[in-house]
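Summary of the model geometry
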Amino acid sequence: MENDGMQSVSMPRIGDKAPAFKAVTTQGEINFPEQYSGSWVILFSHPADFTPVCTSEFMTFASREEEFARVNCKLVGLSVDGLYSHIAWLRTIKDKIEYRGMKNVEVKFPLIEDITMEVAHKYGMIQPGESSTKAVRAVFVIDPKGIIRTIIYYPLSLGRNFDELLRVVIALQTADAFSVATPADWQPGDDLIVPPAGSCGTAKERMDGKEDMKCYDWFFCTRKLDKEKVLSTIQKQ
Ligand code: BEZ
C-alpha cells in the first residue's frame, strides 16, 4: 500500500496502558503516569502558548480545577513550547487577562515543555494534516491504574467543552462503581443502562418486570440512581 510520503505515527488506544515518560513542567519534573497512580488524570495538549483559544481554555481549566479534584482527577497540560515560554504565558494570564468573569487566574497544574515533541509523538498529538509544528487539542482520560479510558481530539480552531470533560470523568467513574453504562447525554441523576441480559431466563424476567428496572425491550433496560448517591460514591474513590 502507498503511504503518500506520510510518516506513520503511533496512536495510543482506549484500553492501552498510558505511554510512560519523564518530563520537565512548570511545577517541576514529573514521572508519568507512575506518580499519578491512584488518581484519575486528564493529560491534554494545546497548540501553542500566547494564543487566544488556548488562553481561554487554560483559564477555564484552571478555574475549574477544584471541580475535577473533587472527583479525584488531576490535570496535566502539554505543548511543544519551552519552559520559559510556558512560565511567561502563565504569568501573563495571571497578571493581565480578564475574560468572561475570570481574572487573576493562576494555573497550578503542571504544563509540560515538549520542544523535542517526544511526548506529543508518543500520544499522537502531532497530526500533520492539521499542523506538523503544533499539537492538536488532544484529551486523554487516564484511570487510577494508568489505563487510557477516553481519547478526544479537537482541531486547532475549536476550544474544548469543559462541562463535557467533567461529564466524561464522572460517567466513567459511575460505570466502574455501579457496573452500568451511561446513555446518550447522560448526566448524574439520569437513568443508567444495565448490562444486557445474558440468558433467555434473565431476558424473560426483565420483560416480566421481575427486576427493579425499566425495560424498553429485553436488551435495553435502565435503572434509577439519584445524583447524590452517584456523587457521594465517586467522591469517596
Ligand atoms: C489559538 O489557541 O487561538 C490557536 C492556536 C493555534 C491555531 C489557531 C488558534
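Below or above, wherever it landed, is the structure these notes cover. None of these values were measured; they are calculated from a predicted model.

Rules of the game
- Residues numbered from 1 in each chain as written.
- Predicted model: local features only at pLDDT ≥ 70, side-chain atom pairs only at ≥ 80, totals over all residues.
- Heavy atoms only, no water.
- Phe/Tyr/Trp six-rings, centres within 6.5 Å; stacked < 30°, edge-to-face > 60°.
- Helix = DSSP H or I, 4+ residues; strand = E, 2+ residues; numbered from the N terminus.
- Buried < 20%, exposed > 50% of the residue type's maximum accessible area, 1.4 Å probe, protein only.
- Expected span 1.5 Å × (residues − 1).
- Disulfide = S-S within 2.5 Å.

So, about the packing of aromatic side chains. In this structure the tally under the stated criterion is 16 aromatic pairs. Ring geometry for F21 versus Y123: centroids 6.1 Å apart, planes at 90 degrees, classification edge-to-face. Taken as a pair, F21 in strand β1 (residues 21-25) and Y123 in the loop between α4 (118-122) and β6 (137-142) lie far apart in primary sequence, 102 residues in all. For the pair F21 and Y123, one class covers both residues: buried. Geometrically, the ring pair formed by F44 and F61 is tilted, given 4.7 Å between the ring centres and 45 degrees between the ring planes. Of this pair, F44 sits in strand β3 (residues 40-45) while F61 sits in helix α1 (residues 52-63); the two residues are 17 residues apart in sequence, bridging distant segments of the chain.

The next subject is α1. Three- or four-residue spacings in an α-helix give side chains the same orientation, since the helix completes a turn every 3.6 residues. For α1, spanning 12 residues, the distance from its first C-alpha to its last is 16 Å, which sits close to the expected 16 Å at 1.5 Å a residue. Extensive coverage of α1 is indicated by the burial of nine of its 12 residues. Taken together, the buried positions of α1 are occupied by C54, T55, S56, E57, F58, M59, T60, F61 and A62.

Under the criterion given, the structure shown has one disulfide. Each sulfur of the disulfide joining C215 and C221 lies 2.1 Å from the other. Handedness of the C215-C221 disulfide follows from its S-S torsion of about 110 degrees: it is right-handed. Lacking any disulfide linkage, C54 is separated from the closest cysteine sulfur, that of C73, by 20 Å. Overall, C54 belongs to the buried group, its relative accessible area being 1%. Here C200 stays free of any disulfide, with the sulfur of C221 as its closest cysteine sulfur at 14 Å.

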